[in-house]
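Results of the structural survey
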Amino acid sequence: MQVFLNNISEKKAEAIRKALEPDNVDFPKDLSFKIENAKEALILTFEGKGNIRTLISTIDEVLEQTQVILRVTS
């Protein structure tokens, strides 16, 4: 699953990336998470094998963290 954050400045994209990278180190088993920069967008890619609820919960948590980061950097 991919989530696109469009019309985002490079400064905000970098803040999100730096804040979320430590979470990517001990990511839940059978899940993967990748952050990519695109022109005026940030792409969050999630992949999961197994329980879909775990994947959805993880995506929800990352999006909540992203929302907080965007509020703080505004």
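Above this text is the structure in question.
Throughout what follows, the structure given in this document is the object of discussion. Treat the numbers as computed from the prediction; the structure is a model and nothing was measured.

Let's shift gears to the packing of aromatic side chains. On inspection of all chains with the given rule, the structure shows one aromatic pair. Summarising the aromatic geometry, the rings of Phe-33 and Phe-46 are spaced 4.9 Å apart at their centres and angled 25 degrees between planes, so their arrangement reads as stacked. Of this pair, Phe-33 sits in strand β2 (residues 31–38) while Phe-46 sits in strand β3 (residues 41–48), and the two are 13 residues apart along the sequence. Each member of the pair, Phe-33 together with Phe-46, is buried.

With that out of the way, let us pick up the side chain of Thr-45. Positionally, Thr-45 belongs in strand β3. Looking at Thr-45, the relative accessible area reads 11%, which means it is buried. Within the structure, Thr-45 has its side chain in polar contact with the side chain of Gln-2 (distance 3.2 Å). Look past the residues within four positions of Thr-45 in its chain and what remains in contact with it is Met-1, Gln-2, Ser-32, Phe-33, Lys-34 and Glu-36.

Our next topic: the nonpolar core. Counting 16 residues, the largest nonpolar core has Ile-16, Phe-33, Leu-42, Leu-44 and Phe-46 as its most contacted members. Counting only elements with at least two residues in this core, the list comes to β1 (2–6), α1 (10–25), β2, β3 and α2 (52–73). Looking at this core element by element, the count peaks at four residues for α2. Contacts of Leu-42, omitting those with residues within four sequence positions, involve Val-3, Phe-4, Leu-5, Ile-8, Ala-13, Ile-16, Ile-35, Glu-36 and Asn-37.

The rules we used
Residues numbered from 1 in each chain as written. Predicted model: local features only at pLDDT ≥ 70, side-chain atom pairs only at ≥ 80, totals over all residues. Heavy atoms only, no water. Phe/Tyr/Trp six-rings, centres within 6.5 Å; stacked < 30°, edge-to-face > 60°. Helix = DSSP H or I, 4+ residues; strand = E, 2+ residues; numbered from the N terminus. Buried < 20%, exposed > 50% of the residue type's maximum accessible area, 1.4 Å probe, protein only. Polar contact = N/O pair within 3.5 Å; in protein donor to acceptor, adjacent residues only side chain to side chain. Contact = heavy atoms within 4.5 Å. Core = buried A, V, L, I, M, F, W, Y, C linked by side-chain atoms within 4.5 Å.

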